[in-house]
Amino acid sequence: MNILLLGANGQVGFELLRSLAPLGKVHAATRNGLLAGHFPCLGVDLGEPSSVTSLLQQLRPELIVNAAAYTAVDRAEQEPELAHRINAEAVGELGAWAAAQNVPILHYSTDYVFPGNGTEPWREDDPTAPLGVYGRSKLAGEQQLRTSGARHLILRTAWVYASRGHNFLRTMLRLCGERNELRIVDDQIGSPTPARLIAAVSAQLLGRMQEGDGFTKSASWGTFHLTSSGATSWCGFARAIVMRAERAGLIERSPKIIAIRSEDYPTPAQRPAHSILDTQRLCETFGLQLPDWSTGLDLVLSEIAAR
């Protein structure tokens, strides 16, 4: 099976390169045509309308995995057209081609499609109401993929981090060496989720749905939520990072962590306060048990410490 992996140099894409390998031949694609370590791969710019169809016609994949996205949440407020182009229009083009060729798509979305004003974990069928440009563009991408008629698997996830790339964990580790005190938002709640977990579960789902060179007729397509289990605040996550990092010898000292409110740290884009996603549908459909967020943190820090 020929698999096209878009966004192969992102946090999730990097992990998918490894996890998808047992399912077929993975053709990695990035915007600049380079993987980590400057290894060449396919180049595709989702910001350019002609780029997507050209690559699809050239490669003619049997499975599309789209881990590419415009993820600069704050900058999206100043670049709404580009965010919509990458997160919505390009996804619609992928869907249209896939529907015409009867090729399935795995696509990733986000907790930002919800308003974050609830108290219960968000279910897949709960009403969406994004607070900003990024969330609206990702929701539009979901909608375009659904209406395309392509067989699709949309996995919404949240609070993604990894041992590489730009993320909250790596920022905290860097700031621990620069500051004696860190002020971290404590009124936004979610489930920190390692990119490696997302990639591993993605491959597991596709593997269970695969039959020979294709997919079973009973394959469970649709929208599912995928995050670690349990939840914490950004402040709670920061404290856990610092405690474990010091124990692992990754930092020399622990800065003081001060809990603040979102209004004390204004950003161009409003963040959802309650971002816990209900993963029951995913777990029951595929027979999964997702690890607690703290377990994932231990594994990622162990990976960093082993380098």
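To start, this report covers the structure provided alongside it. This structure is a prediction, so every number in the text was calculated from the model and none was measured.

## Section: the sheet that holds strand 5 (residues 105-110)
- Taking strand neighbours across the sheet as the criterion, the 7 strands line up as 3-2-1-4-5-6-13 in an open arrangement whose pairing is parallel. Looking at the sheet topology across the chains shown, the edges are occupied by strand 3 (42-43) and strand 13 (222-225).
- Across 2 bridges, strand 2 (residues 25-30) lies against strand 3 in parallel orientation. Paired with Ala29 across the two strands is Leu42, which belongs to strand 3.
- With respect to the sheet, helix 3 (residues 80-101) is in contact with strand 1 (2-6), strand 4 (63-66) and strand 5, its orientation differing from that of strand 4 by roughly 170°.

## A look at the environment of Gln144
- Residue placement: Gln144 occurs in helix 4 (residues 133-148).
- Counting along the chain gives 115 residues from Gln144 to Ala29, while the straight-line C-alpha distance between them is 22 Å.
- The residues touching Gln144, leaving out its near neighbours within four places in the chain, are His84, Ala88, Glu89 and Gly92.

## Overview of the side chain of Glu124
- Tracing the chain through its elements places Glu124 in the loop between strand 5 and helix 4.
- Here Glu124 occupies a buried position and makes no salt bridge, while the nearest side chain of opposite charge, Arg281, is found at 5.0 Å.
- For Glu124, the side chain forms a polar contact with the main-chain nitrogen of His225, separated by 3.0 Å.

## Here's the deal with helix 7 (residues 234-247)
- Taking 1.5 Å of rise per residue, 14 residues should cover 20 Å, and helix 7 covers 20 Å from first to last C-alpha, within 8% of that figure.
- Of all the residues in helix 7, the buried ones are Trp234, Cys235, Phe237, Ala238, Ala240, Ile241, Val242, Arg244 and Ala245.
- Turning to helix 7, the residues buried within the fold contact strand 7 (160-161), helix 5 (168-176), strand 8 (181-185), strand 14 (232-233), strand 15 (256-260) and helix 9 (293-305).
- Looking one or two places after helix 7, you find Gly249, whose phi comes out positive at around 80°.

## Section: the packing of aromatic side chains
- One pass over the structure, following the stated rule, counts 10 aromatic pairs.
- Relative to Tyr134, the ring of Tyr112 lies with its centre 5.3 Å away and its plane at 75°, an arrangement referred to as edge-to-face. Of the two residues, Tyr112 is situated in the loop between strand 5 and helix 4 and Tyr134 in helix 4; the sequence distance between them amounts to 22 residues. Taken as a pair, Tyr112 and Tyr134 share a single burial class, namely buried.
- Centre to centre, the rings of Phe168 and Trp234 are 4.8 Å apart; their planes meet at 45°, and the pair counts as tilted. Linking Phe168 in helix 5 with Trp234 in helix 7, this pair joins segments that are 66 residues apart in sequence.
- Among the aromatic residues, those joined into a cluster by ring pairs are Trp159, Tyr161, Phe168, Trp234, Phe237 and Trp293.
- Across the ring face of Phe14, the terminal group of Arg164 is positioned such that the distance to the ring centre comes to 4.2 Å.

Thresholds applied
- Residues numbered from 1 in each chain as written.
- Predicted model: local features only at pLDDT ≥ 70, side-chain atom pairs only at ≥ 80, totals over all residues.
- Heavy atoms only, no water.
- Pairing = 2+ DSSP bridges.
- Helix = DSSP H or I, 4+ residues; strand = E, 2+ residues; numbered from the N terminus.
- Contact = heavy atoms within 4.5 Å.
- Axes fitted to C-alpha atoms, helices over the stretch in contact; angles between N-to-C directions.
- Buried < 20%, exposed > 50% of the residue type's maximum accessible area, 1.4 Å probe, protein only.
- Lys, Arg positive; Asp, Glu negative; His and termini not counted.
- Salt bridge = Lys/Arg side-chain N within 4 Å of Asp/Glu carboxyl O.
- Polar contact = N/O pair within 3.5 Å; in protein donor to acceptor, adjacent residues only side chain to side chain.
- Expected span 1.5 Å × (residues − 1).
- Phe/Tyr/Trp six-rings, centres within 6.5 Å; stacked < 30°, edge-to-face > 60°.
- Lys NZ or Arg CZ within 6 Å of the ring centre and 35° of its normal.

What is shown is where atoms sit, not what they do.
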